[in-house]
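Residue-level listing of the chains:
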Amino acid sequence: MTADSIKKSKSLSVFKDSAVCLVVLTAATLAGYAFKAFHLADADIIMLYIIAVLVISIFTSKIQFCLISSVVGVVLFNYFFTYPEFSLSAHDAGYPVAFVTMFITAFIAGTLANKLKRNILIAEQNAREKEEAALLAQNEQLRANMLRSISHDLRTPLTSISGNASTLLSGGDTLDESARQQIYTDIYSESMWLIGMVENLLYATRIEDGRMQLNISVEILDDIVQEAVRHTERTHPKRDIVVDMRDEIIPVMADANLIVQVIVNLMDNAVKYSDDDSDVTVSVRRENAYAVISVSDYGTGISDEEKEKVFDMFYTGGSHSSDSRRSLGLGLALCRSIITSHGGTISVSDNIPNGTIVSFTLPIGEVNLNE
Amino acid sequence: MNEYLVLVVEDDKPIRNLITTTLKMNDYRFITAVRSNEAIMLSASHKPDIIILDLGLPDIDGVEIIEHIRTWSDVPIIIVSARSEDRDKITALDKGADDYLTKPFSVDELLARLRVIQRRLMKSENISVTEFVNGRLRIDYVSGCVHLDDEELHLTPIEYKLLCLLAKNVGKVLTHKYIIQSVWGTPADNSEASLRVFMATLRKKLSDSSQALIQTHIGIGYRMMKL
């Protein structure tokens, strides 16, 4: 906030507080007239002004308003309700004492109310700070776990790549052609895995407070799916990918790059957990206000108890997965984080006769065409 | 022997080696530059046919090199950049770069980009001002008719404008901003969303669901391929 705008908001709050005083004191005076009409005692009208000061103390920010309204309350009472009316003189000898008591009572009550209000505000702020700190700690914990798991995951392919390269450098000639070919293939596939991992990491850094920072606009679902399919065809040139899409333009509200990444991750999993000669299918349909995108394979499928866990951070299908089938550890967790941040849902089900279907939804977008 | 001369501007040695090895294996001629002034000098003295330019040079911004070269030459420029620099890529394309490669890129991708540029260079040798032919697509600029094979397509005025813009820049990636400015003049809030929908309907009329003719570059723009 600039100095100027601080000044402005300060003078605004003084104005607001003065208005509160004016309204409340006027109300008290009007109520006083009503009391008087019903022949209630002066003490009751005094009570009205004390209540007014209490109310003012609660709804204004500064103790000065309490002080001023206490004084004004006494003056108003004197002016409107003591004999002679509409004058600041008071004939009855008891009045000066009444004025002083009224002022002191009003001021003390007001001060207490103001203090109480401040204490409540402080308590609220403390609670909020505590909550924020807890969330921050949770995020830090998540980040720490992620970093630990990632540096562990990165070490394996890096060891393989550097080791294989050093073998080639020092004694590549002594190896026979097929052994060398194996080494080339390993270096290539391990580095491809690293590329996928780094891509995911890049997106994972955008998670804050468990939610993804999004860059949402109206996108054509077809474009997103095509991009993801192209990417997968590049990384898995031997696999057949079937795209099942009706001839319909579906606009969705999405961060296109992130949704491409989700579909790429899902197809990557589908390819990894199914046989090389089986199809992987991406299908798209419209269901009311949502688009439903499904990626299905004809692999071994996922057992019901594992279905619950696959979306957890770093869950990789237990320790039995062999290295050649190493999946991108944070893949599905990242997918879920991205989809829920879009206001969609993601779920796993069984394919028929065998295999897995992962489906997610995205809200349909609206376009006013600019002709 | 390939007659194309490629200028490679890249300060990172392993990447430079990767690019030059690929060029050598595919019979391209090449020269290399590490610094920007070197790049500008070589592009003036050797008149390369294609420039591959890393955006992240140590001395000056790659975008400045593009601006500089564009003052005297239309040589096709392919920029190389890291993924996190989406905005830089768009700026570079707006300043006159033709295409981009994102690190990490594969050798196949690099070769594919070079082929796209080559097809375009070949095309511009027998350019016609009244007609545009690309694969099954034929645009007659004089009558404003568009044909797919022998069938005439019925395009709305905006679709026709879009198609002509892409055709005139065939092989080149056009950014959303550039397209919107060229077609609508003043951009409105819904311009990008509208553009996406118009492209989708245009693509449908062109029976191009596989994006063989018009590619979508997510977050960047569109490009018509030379078939």
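Source: prediction; values computed, not measured.

Points about the overall build of chain B
Secondary structure summary: chain B contains eight helices and 12 strands in total. Residue burial in chain B is summarised as follows: out of 227 residues, 33% are buried. In chain B, of all internal contacts separated by at least 6 residues, the share reaching a separation of at least 24 is 60%.

Observations regarding the interface of chain A and chain B
Each partner contributes to the interface: chain A provides 21 residues, whereas chain B provides 19 residues. For the side of chain A that touches chain B, the secondary structure elements donating two or more residues are helix H5 (177–204), strand S3 (217–220), helix H6 (221–235) and helix H7 (256–272) of chain A. If one sorts the elements of the side of chain A that touches chain B by residue count, H6 of chain A sits on top with five residues. Its residues assigned to classes, the side of chain A that touches chain B comprises 11 nonpolar, five polar and five charged.

Remarks on unusual backbone geometry
The step from Ile352 of chain A to Pro353 of chain A runs through a cis peptide bond, and the omega angle for that step is 5°. Note on placement: Pro353 of chain A falls in the loop between strand S8 (346–350) and strand S9 (356–363). Of the consecutive residues Lys103 of chain B and Pro104 of chain B, the connecting peptide bond is found in the cis state with omega at -5°. Here Pro104 of chain B lies in the loop between strand S5 (99–103) and helix H5 (107–123). Positive phi, close to 60°, is recorded for Gln211 of chain B, a residue that is not glycine.

A few points about the sheet that holds strand S12 (residues 221–224) of chain B
Spatially, three strands are ordered S10-S12-S11 (chain B) in an open sheet, and the strand pairing comes out antiparallel. Among the strands making up the open sheet, the edge pair consists of strand S10 (174–175) and strand S11 (214–217) of chain B.

Some points on the pairing of strand S1 (residues 5–9) of chain B
Residue and element names in this part refer to chain B. Across the five residues of S1, four count as buried, placing the element largely inside the fold. With five bridges connecting them, S1 and strand S2 (residues 29–33) associate as parallel partners. Note that in S2 the partner of Val9 across the bridge is Ala33. Crossover connection from S1 via helix H1 (residues 13–25) to parallel S2: handedness right-handed. The sheet contact formed by S1 and strand S3 (residues 50–54) spans four bridges and is parallel. If you follow Val9 over to S3, its bridge partner there is Leu53.

Topic: the sheet that holds S9 of chain A
Residues and elements named next belong to chain A. Within the open sheet, the five strands sit side by side as S4-S6-S7-S9-S8. Their pairing is mixed. Edge positions in the sheet fall to strand S4 (241–245) and S8, since each has one partner strand and no second. In this sheet, adjacent strand axes meet at a mean angle of 20° when their direction is disregarded. Across seven bridges, strand S7 (residues 290–297) lies against S9 in antiparallel orientation. Within S9, the position partnered with Ile293 by the bridge is Phe360.

Section: helix H8 (residues 191–205) of chain B
Between its first and last C-alpha atoms H8 of chain B spans 21 Å; for 15 residues at 1.5 Å apiece the expected length is 21 Å, and the two agree. Residues Ala193, Ser194, Leu195, Arg196, Val197, Phe198, Met199, Leu202 and Arg203 of chain B constitute the buried set of H8 of chain B. Buried positions along H8 of chain B lie against S3 and strand S5 (251–254) of chain A together with helix H6 (157–168), helix H7 (176–184), S11 and S12 of chain B. Remark: Ser207 of chain B follows H8 of chain B within two positions and exhibits a positive phi of approximately 50°.

Structural notes on the confidence of the model for chain A
With 90% of its residues at a pLDDT of 70 or more, chain A has an overall mean of 83. Residue range residues 318–325 of chain A is modelled with pLDDT below 50. Its contacts to residues more than four positions away, or to other chains, number three contacts.

A closer look at helix H2 (residues 42–59) of chain A
Taking 1.5 Å as the rise per residue, H2 of chain A with 18 residues should run 26 Å; its terminal C-alpha atoms sit 26 Å apart, in good agreement. Considered for burial, the residues of H2 of chain A that qualify are Ile45, Ile46, Leu48, Tyr49, Ile50, Ala52, Val53, Val55, Ile56 and Ser57 of chain A.

A short note on the confidence of the model for chain B
Note that predicted coordinates carrying low pLDDT should not be read in detail. All names here are of chain B. A residue-level look at chain B finds 95% of positions with pLDDT of 70 or above and a mean pLDDT of 88. At the low end of the mean pLDDT range in chain B sits H5, at 86; at the high end sits S1, at 95. For this predicted complex, the interface confidence comes out at an ipTM of 0.82, alongside a pTM of 0.70.

Reading the values: the criteria
- Residues numbered from 1 in each chain as written.
- Chains lettered and ligands numbered in written order.
- Predicted model: local features only at pLDDT ≥ 70, side-chain atom pairs only at ≥ 80, totals over all residues.
- Helix = DSSP H or I, 4+ residues; strand = E, 2+ residues; numbered from the N terminus.
- Buried ≥ 20, exposed ≤ 12 C-beta atoms within 10 Å, placed from the backbone.
- Contact = placed C-beta atoms within 7 Å.
- Nonpolar A, V, L, I, M, F, W, Y, C, P; charged D, E, K, R; others polar.
- Pairing = 2+ DSSP bridges.
- Right-handed = clockwise from strand over helix to strand, strands pointing away.
- Axes fitted to C-alpha atoms, helices over the stretch in contact; angles between N-to-C directions.
- Expected span 1.5 Å × (residues − 1).
- pLDDT = per-residue confidence, 0-100.

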